Amino acid sequence: FVWDLQDAGGGWTGTMDAQTGRSELNDVKVSGDTFAFAARVNSPMGSLNLTFTGTVMGDQITGTCKTMFGNSQFTGTRA
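Treat the numbers as computed from the prediction; the structure is a model and nothing was measured.

**Student:** Which residues make up the sheet that holds strand S2 (residues 12–18), and what are the values?
**Tutor:** Taken together, the seven strands give an open sheet; going across it, the order is S1-S2-S3-S4-S5-S6-S7, and neighbouring strands pair in antiparallel fashion. Looking at which strands have only one partner, the edges of the open sheet turn out to be strand S1 (2–7) and strand S7 (70–77). When the angles between neighbouring strand axes are averaged without regard to direction, this sheet yields 25°.

As structure tokens, this is what we get:
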């Protein structure tokens, strides 16, 4: 995934690009070094709801992606 988060003057908005296309981020919350948001993505199995929570430390991002199939850990780097 590639996320693009923007401070929209008191609230946050964003998009997520994946192999299956672009999705809008919903319920984006940023507090200090932590973040959370939801996205609905298309997949070969149909539309899936994903919930992401995580922490940013410098340029490193870590967290959890929750799906109906279980949770997955992720790591990333700020671009």
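**Student:** Lay out the confidence of the model for the chain in plain terms, naming residues and giving numbers.
**Tutor:** Caution applies to low-pLDDT parts of the model: their predicted coordinates are not meant to be read in detail. With 100% of its residues at a pLDDT of 70 or more, the chain has an overall mean of 92. Of all the helices and strands in the chain, S1 carries the lowest mean pLDDT, 91, while strand S6 (residues 60–67) carries the highest, 96.

**Student:** Can you tell me about unusual backbone geometry, naming the residues and giving the values?
**Tutor:** Even without being glycine, Asp27 reaches a positive phi, approximately 50°. By secondary structure assignment, the location of Asp27 is in strand S3 (residues 21–31). Exposure remark for Asp27: the relative accessible area of 56% places this residue in the exposed category.

**Student:** Just give me the short version of the nonpolar core, but keep the residues and values in it.
**Tutor:** Judged by nonpolar contacts, the single largest core of 13 residues is most densely connected at Met16, Leu25, Phe37, Leu50, Phe52 and Phe74. Going through the elements one at a time, S3, strand S4 (34–43), strand S5 (46–57) and S6 are the ones with two or more residues in this core. It is S4 that provides the largest number of residues to this core, a total of four residues. For Phe37, the contacting residues outside a window of four places in its chain are Trp3, Leu5, Leu25, Asn26, Asp27, Val28, Leu50, Thr51 and Phe52.

**Student:** Residue-level account of the environment of Gly63, with values.
**Tutor:** Mapped onto the elements, Gly63 comes out in strand S6. Of the residues examined, Gly63 reaches a relative accessible area of 11% and is grouped as buried. As a C-alpha pair, Gly63 and Ala36 span 27 residues in sequence and 9.3 Å in three-dimensional space.

**Student:** Tell me about a nonpolar patch on the surface, and name the residues and values.
**Tutor:** Together, Met45, Met68 and Phe69 make up an exposed nonpolar region whose accessible area comes to about 420 Å². Relative to the elements of secondary structure, Met45 occurs in the loop between S4 and S5.

Cut-offs applied
- The written sequence of each chain sets the order in which its residues are numbered from 1.
- With the structure being a predicted model, the display of local features is reserved for residues of pLDDT at least 70 and the display and counting of side-chain atom pairs for 80 or more, all residues being used for whole-chain, interface and lining totals.
- Calculation of side-chain values draws on the structure's entire complement of heavy atoms; hydrogens and water are dropped beforehand.
- Any two strands with at least two DSSP-identified bridges between them are counted as paired.
- Counting from the N terminus, the helices are the DSSP runs of H or I reaching at least four residues and the strands are the DSSP runs of E reaching at least two.
- Every angle, taken between N-to-C directions, lies between 0 and 180 degrees, and every axis is a line fitted to C-alpha atoms, over only the stretch in contact when it is a helix.
- Confidence per residue, as judged by the predictor, is encoded in pLDDT with a range of 0 to 100.
- Here's how the labels work: a residue is buried when its accessible area is under 20% of the maximum for its type, exposed when over 50%, partly exposed in between, all with a 1.4 Å probe on protein chains only.
- The criterion is simple. A nonpolar core is a set of buried Ala, Val, Leu, Ile, Met, Phe, Trp, Tyr and Cys residues joined through side-chain atoms within 4.5 Å.
- Whether two residues are in contact is decided by their heavy atoms, any of which lying within 4.5 Å being enough.
- Patch definition: residues with relative accessible area over 30% and no salt bridge; like charges joined within 9 Å; nonpolar side chains (Val, Leu, Ile, Met, Phe, Trp, Tyr) joined within 5 Å.
- Residue burial considers only the protein chains on display, and all accessible areas are found by Shrake-Rupley using a 1.4 Å probe.
- For salt bridges, the criterion is a side-chain nitrogen of Lys or Arg within 4 Å of an Asp or Glu carboxyl oxygen.

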